[in-house]
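One-letter residues, chain by chain:
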Amino acid sequence: MSVDIFQNCFEACKYVLVIVACSIFMGCTPDDTPSGADNPELMRQIREHATAMLDKGEMEGARAYYDSAFASIDSPGVGDYLARFSFIGGEYYGRINEPLESIEYLDSLLALLPTPAIQGQYFSVYTGALFLKGDRLFDLGKYNLAYESYFKGKLAAEKKGDPCALSECIYRLGMVNYKQERYFDAADRFKESLKVIESCPASFDVFARTQELLNNTSISLGKLNQIDSALAYSHRALEYINRESPKYPSRSGYAQVAKAVIYGNQSNFYLNKGKYGLAEALLLKSIAINTQKGYDNFDAQTSMIKLGELYYATNQSQKIVAVLTKLKASLDSLYDPYVEQRYVKLKSDYYLKNNQQDSAYVYLKKYQRLQSSSDSVQHQLYMADLDKEFQHLRQKSDNQELQQANELKKVWLYLALSLLAMALLILFLIWRNWRLSRQNLSKLENLNVQISIQNTKYEQTLKELKRSSEEKDRILKVVAHDLRSPIGAIASISSILLDEAQFDEEQLRMATMIKDLSWQSMDMIRDVLSNSIGPNTSELRIERVDMVELAQACVDQIRFKAEEKKQNIYLEVLESVSIEGDREKLTRVLVNLLVNAIKFSPSHSAITVILGHADGKMRLEVADKGIGIPDEISSQLFDTNAGAQRSGTQGEKSYGIGLPFSKEVVTAHQGNIWFESHEGVGSQFFIEIPFRQNMDVENKS
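Keep in mind the model is a prediction, meaning the values are calculated, not measured. (Residues numbered from 1 in each chain as written. Predicted model: local features only at pLDDT ≥ 70, side-chain atom pairs only at ≥ 80, totals over all residues. Heavy atoms only, no water.)

A. Highlighting the overall build of the chain. Per the secondary structure count, the chain includes 24 helices and eight strands. Within the span of the chain, comprising 701 residues, buried residues form 41% of the whole. Excluding contacts between residues fewer than 6 apart, the proportion of contacts in the chain whose partners are at least 24 apart in sequence is 68%. If you sum the accessible surface of the chain, you get close to 39000 Å²; carbon and sulfur atoms cover 54% of it. (Helix = DSSP H or I, 4+ residues; strand = E, 2+ residues; numbered from the N terminus. Buried < 20%, exposed > 50% of the residue type's maximum accessible area, 1.4 Å probe, protein only. Contact = heavy atoms within 4.5 Å. Areas by Shrake-Rupley, 256 points an atom, 1.4 Å probe, with all protein chains shown as cover.)

Quick look at the structure:
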């Protein structure tokens with residue numbers, strides 16, 4: 001008992017531990033999280049096709065294609081929804097410069113990744129969304145929120161040790177440094193990001209980021225007036241694009257755009273060196289590429305303004321007008337405030353140089369307004385110190401982790417105290433059970449003594465019962481043996497009389513009946529002497545039995561008994577029936593049924609025996625109009641040990657062995673016996689036996 005209590009308490013402790021561990025280390029997944037299986041290869045194909053459409057400038061067509069393809073997926077998984085939100089929020093709205101809509105989809109993506117476990121499962125998507133959200137917030141001038149998003153991605157990358165995510169974060173920080181005109185820090189971070197990204201597996205995204213980092217390093221060095229180093233990095237970028245871009249033939253347009261951007265940046269370096277012709281050629285080459293539909297039209301505008309400024313510096317007035325006209329048309333359809341500011345400044349300078357003071361003044365005032373707005377934005381950017389913000393966020397994160405650690409320690413402390421309390425409870429229960437066990441031990445010993453005494457008594461009783469049974473069998477055999485001689489003599493004498501005496505028909509019938517009954521009695525005596533009162537199947541003496549003849553003989557044999565109660569027995573033969581069976585035992589069965597019918601029927605009543613076929617079997621029915629069978633003993637009639645005994649209508653004695661014997665005989669013949677009875681109305685007993693017996697038995701010759 002003490003062991004059971006200890007095991008139950010131990011199981012309870014384990015259950016508590018599991019619950020606490022799940023609460024501490026696992027998050028809850030929202031009920032509406034998609035439950036389908038992910039389709040990564042299909043989503044990759046859809047994204048590649050849609051991105052190729054974006055590269056061609058088919059913005060709305062790309063969005064419509066992606067939505068249609070996604071809608072055709074049966075039961076999309078979490079990864080499929082993440083891929084959709086990433087494409088729409090990152091690629092689509094990024095290309096059309098809609099930061100607010102982009103953030104909305106990126107927030108939906110992050111909402112599908114609420115726990116560390118699922119964030120780890122889709123780690124690259126999770127960190128990518130954080131970095132993209134930071135970019136969009138930065139574009140909206142919400143610098144502190146952007147830094148917070150960058151920091152979350154950086155923290156996740158550091159914990160995971162993922163070089164690709166870490167490289168993306170360093171790249172973003174470099175971009176912030178560049179926009180804050182901290183070119184030295186920007187160049188260092190771009191170089192660091194380049195070094196880290198080398199550990200990433202090859203992919204198009206890694207290719208795109210690597211060439212951009214080489215180009216951005218080149219631009220930053222150019223801003224620091226390190227022209228030769230800047231040119232070296234730009235050439236490395238072009239070589240890298242030429243070497244790696246053939247691996248991604250479906251994104252050939254991207255490679256052209258990237259090279260066009262580098263050409264435009266290289267023109268700055270050659271202008272610095274005074275190589276105006278080479279700078280002009282590079283700008284024209286860049287513009288020719290990026291003014292195409294679906295290419296980087298914003299960069300094309302930047303190259304146009306650079307070209308106009310080059311023409312202004314080299315006094316090429318006609319070319320200035322052509323560039324400004326083309327640039328104005330581009331700005332009308334694709335607005336860039338930075339290019340607009342430089343465009344207005346160039347127009348003012350151009351008019352002033354051509355002595356058109358009024359026009360120059362109009363554009364100068366417009367430039368000053370744009371410059372003031374730009375300075376305000378730039379000032380906010382300078383004030384949002386990246387390093388200080390990251391230091392603050394780092395401290396905040398450390399404090400949160402420390403707080404979580406303290407909370408965890410509290411939980412473990414409470415758990416330890418709970419376990420200690422349960423352990424003390426278990427010890428108390430064990431001690432208490434030990435005491436009870438000692439008290440019960442003496443009781444059990446006393447009970448064992450009493451049980452031993454009772455067992456001894458039961459054994460003695462069983463021995464006495466066995467002796468009594470053996471004595472009963474001995475007496476029964478003695479009686480049977482003593483009856484054998486006189487009954488045998490009766491059988492012999494009746495045989496002699498039948499052979500020698502002259503009887504009339506009635507006397508002959510009676511003498512024949514005496515002989516048959518004597519020999520039946522001899523058979524029963526033989527069964528008693530051989531301990532075979534019950535009809536074992538192997539002891540049946542099978543022969544062909546004419547059931548009509550057997551039924552008639554039984555009716556004749558028992559008719560005198562019915563006449564004592566002035567009863568009539570009728571035999572109704574529906575069909576002639578012969579079966580394979582033990583004639584003597586079947587006779588005893590029918591006699592038993594007839595005796596019972598006589599015994600339990602009133603005087604002057606009728607008893608009917610019906611013989612025929614039913615479902616390929618012999619059917620025998622014995623029906624009376626007697627007192628019927630009470631419900632309380634109906635289920636016990638065929639049970640030898642049930643004691644279902646009662647007196648007949650004239651006080652006849654009943655021993656309760658005839659019907660059990662009959663059932664054993666019928667069952668041994670592979671048949672069935674049953675009855676239907678209504679108390680006060682009468683009873684019907686039915687016997688069905690197959691025509692042939694499928695058994696190995698003693699055949700009577």
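B. Structural context of the pattern of salt bridges. By the definition in use, this model includes 32 salt bridges. Taking the shortest distance from any N to any O, the salt bridge between R63 and D67 comes out at 2.9 Å. Within this pair, R63 and its partner D67 are both found in helix α3 (residues 59-71), separated by four residues, close to a single helical turn. With a relative accessible area of 14%, R63 lands in the buried category. Where R172 meets E168, a salt bridge forms, and the shortest distance between an N and an O atom there is 2.4 Å. Of the two residues, R172 and E168 are both situated in helix α9 (residues 163-179); the distance of four residues between them amounts to about one turn of the helix. In terms of burial, R172 and E168 fall into one category: buried. In the salt-bridge network here, residues are joined through shared partners; they are R47, D55, E91, R95 and R251. (Salt bridge = Lys/Arg side-chain N within 4 Å of Asp/Glu carboxyl O.)

C. The state of the cysteines, seen in detail. Inspection of every chain in the model, using the stated rule, returns one disulfide. With a sulfur-sulfur separation of 2.3 Å, C164 is cross-linked through a disulfide to C200. Of this pair, C164 sits in helix α9 while C200 sits in the loop between α10 (183-197) and α11 (204-223); the two residues are 36 residues apart in sequence, bridging distant segments of the chain. The class for C200 is buried, based on a relative accessible area of 10%. (Disulfide = S-S within 2.5 Å.)

D. Focus on the confidence of the model for the chain. Scored by pLDDT, the chain has a mean of 83; 84% of the residues are at 70 or more. Predicted confidence for residues 1-30 stays below pLDDT 50, and this span has 22 contacts to residues more than four positions away or in other chains. (pLDDT = per-residue confidence, 0-100.)

E. Fine view of a nonpolar patch on the surface. Taken together, the side chains of L413, Y414, L417, L420, L424 and L427 present a nonpolar region at the surface, about 650 Å² in accessible area. Relative to the helices and strands, L417 resides in helix α19 (residues 386-500). (Patch = residues over 30% accessible without salt bridge, like charges linked within 9 Å, V, L, I, M, F, W, Y side chains within 5 Å.)

F. Layout of the sheet that holds strand β7 (residues 682-690). Taken in spatial order, the five strands make up an open sheet running β2-β4-β5-β7-β6, and their pairing is mixed. Unpaired on one side and paired on the other, β2 (568-573) and β6 (672-678) mark the two borders of the sheet. The mean angle between the axes of side-by-side strands here comes to 15 degrees, regardless of whether they run parallel or antiparallel. In this structure, β2 lies alongside strand β4 (residues 606-614), joined through six bridges in parallel fashion. Within β4, the residue paired with N568 across the bridge is A606. (Pairing = 2+ DSSP bridges. Axes fitted to C-alpha atoms, helices over the stretch in contact; angles between N-to-C directions.)

G. Representation of the environment of K326 in the model. Along the chain, the position of K326 falls in helix α16 (residues 317-333). What makes K326 partly exposed here is its relative accessible area of 47%. A sequence separation of 25 residues divides K326 from Q301, and the C-alpha atoms of the two residues are 9.3 Å apart.

H. Helix α14 (residues 276-290), seen in detail. Relative to the 21 Å expected for 15 residues at 1.5 Å per residue, α14 spans 21 Å between its end C-alpha atoms, a close match to the ideal helical length. Along α14, the positions that sit buried rather than exposed are A279, E280, L282, L283, S286, I287, I289 and N290. (Expected span 1.5 Å × (residues − 1).)

I. Here's a closer look at the packing of aromatic side chains. Under the defined criterion, the tally for this structure stands at 22 aromatic pairs. Measuring from centroid to centroid gives 4.9 Å for F138 and Y143, while their planes differ by 65 degrees, and the two rings are edge-to-face. With a centroid separation of 6.5 Å and an interplanar angle of 50 degrees, the aromatic rings of F138 and Y147 are classed as tilted. Taking the relative accessible area as the measure of exposure, F138 reaches 7% and is therefore buried. Owing to a relative accessible area of 0%, Y147 belongs among the buried residues under this scheme. Taken together, the ring pairs in this structure connect F70, Y81, F85, Y92, Y93 and Y105 into an aromatic cluster. Over the aromatic face of F123 sits the side chain of K160, whose NZ or CZ is 5.5 Å from the ring centroid. Seen from the ring of Y312, K353 lies directly overhead, with NZ or CZ sitting 4.5 Å from the centre. (Phe/Tyr/Trp six-rings, centres within 6.5 Å; stacked < 30°, edge-to-face > 60°. Lys NZ or Arg CZ within 6 Å of the ring centre and 35° of its normal.)

J. Summary view of helix α8 (residues 143-160). Along its 18 residues, α8 runs 26 Å from first to last C-alpha, staying within 8% of the 26 Å computed at 1.5 Å per residue. Of all the residues in α8, the buried ones are Y143, A146, Y147, S149, Y150, F151, G153, K154, L155, A156 and A157. Two residues or fewer past α8, G161 is found with a positive phi of approximately 70 degrees.

K. Structural detail: the nonpolar core. Judged by nonpolar contacts, the single largest core of 51 residues is most densely connected at F207, L327 and Y343. Membership of the second largest hydrophobic core comes to 37 residues, among which are L550, A597, L611 and I687. (Core = buried A, V, L, I, M, F, W, Y, C linked by side-chain atoms within 4.5 Å.)

L. Broad picture of unusual backbone geometry. Positive phi is not limited to glycine here, since S75 has a value of about 60 degrees. Examined against the element boundaries, S75 turns out to sit in the loop between α3 and α4 (78-95). S75 sits in the partly exposed class, given a relative accessible area of 43%.

M. Here's a closer look at the side chain of T587. With respect to the secondary-structure elements, T587 resides in helix α22 (residues 583-599). There is a polar contact of 2.8 Å between the side chain of T587 and the backbone oxygen of R583. (Polar contact = N/O pair within 3.5 Å; in protein donor to acceptor, adjacent residues only side chain to side chain.)

N. Geometry of the packing of helix α5 (residues 99-111) against helix α7 (residues 123-139). One can describe the packing of α5 onto α7 by two numbers: an axis separation of 9 Å at closest approach and a directional angle of 155 degrees. Comparing the axis directions of α5 and α7 gives the class roughly antiparallel. In this structure, the crossing between α5 and α7 has a hand that is left-handed. In this structure, α5 contributes P99, S102, I103, L106, D107, L109 and L110 to the contact, and α7 contributes V125, Y126, A129, L130, L132, K133, R136 and L137. Its residues placed into classes, the contact of α5 with α7 shows 11 nonpolar, one polar and three charged. (Parallel < 35°, antiparallel > 145°, perpendicular 65-115°, else oblique. Left-handed = near helix turned anticlockwise from the far one by under 90°. Nonpolar A, V, L, I, M, F, W, Y, C, P; charged D, E, K, R; others polar.)

O. Geometry of the pairing of strand β5 (residues 617-623). Along β5, five of the seven residues are buried, which leaves the element largely enclosed by surrounding structure. Two successive antiparallel strands, β4 and β5, enclose a turn made up of two residues, where D615 displays a positive phi of approximately 55 degrees. Bridge count for β5 against β7 is seven bridges, and the pairing is antiparallel. Residue pairing in the sheet places E621 in a bridge with F686 of β7.

P. Structural context of the packing of α14 against helix α15 (residues 297-313). With their axes 9 Å apart at the nearest point, α14 and α15 run at an angle of 150 degrees to one another. In terms of their interaxial angle, α14 and α15 are classed as roughly antiparallel. Note that α14 runs across α15; the crossing there is left-handed. Packed against α14, whose contacting residues are Y276, A279, E280, L283, L284, S286, I287 and N290, the element α15 presents N297, D299, A300, S303, M304, K306, L307, L310 and Y311 at the interface.

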